[in-house]
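Chain residues, written in single-letter form:
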Amino acid sequence: MGIADQFKDKAQELADQAKQKAGQGKDEAQERGQQARDKKPGSSSGMKDRAQDAADQARERFDR
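Keep in mind it's a predicted model, so treat the numbers as computed, not measured.

## Remarks on the overall build of the protein chain
For the protein chain, the helix and strand inventory stands at one helix and zero strands. When the 64 residues of the protein chain are sorted by exposure, 0% land in the buried category. Element-wise, carbon and sulfur atoms account for 51% of the exposed surface of the protein chain, whose accessible area totals about 6100 Å².

## Topic: the pattern of salt bridges
For the coordinates displayed, the defined rule picks out two salt bridges. Aspartate 56 is the partner of arginine 59 in a salt bridge, and the nearest nitrogen-oxygen pair spans 2.9 Å. Of this pair, arginine 59 and aspartate 56 both sit in helix H1 (residues 3–63), separated by three residues, roughly a single helical turn. Residue arginine 59 is classed as partly exposed on the basis of its relative accessible area of 47%. Assessed through its relative accessible area of 29%, aspartate 56 is described here as partly exposed.

Rules and cut-offs
Residues numbered from 1 in each chain as written. Predicted model: local features only at pLDDT ≥ 70, side-chain atom pairs only at ≥ 80, totals over all residues. Heavy atoms only, no water. Helix = DSSP H or I, 4+ residues; strand = E, 2+ residues; numbered from the N terminus. Buried < 20%, exposed > 50% of the residue type's maximum accessible area, 1.4 Å probe, protein only. Areas by Shrake-Rupley, 256 points an atom, 1.4 Å probe, with all protein chains shown as cover. Salt bridge = Lys/Arg side-chain N within 4 Å of Asp/Glu carboxyl O.

Just geometry here; none of it tells us what the structure is for.
Structure follows, in structure tokens:
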């Protein structure tokens, strides 16, 4: 086996590892997204309240 073949084999091995890690990263991102969506309903009402309060405060400032 020549040096060129060794380089090709190593390059292929590294490419395979990169594909595996990319797939794992995608799975983890999807899982984090799902967890965020699961938590969202409980916190969205609080965010809506905060947004409404901010809108009310802005109206008060500009109505003066």
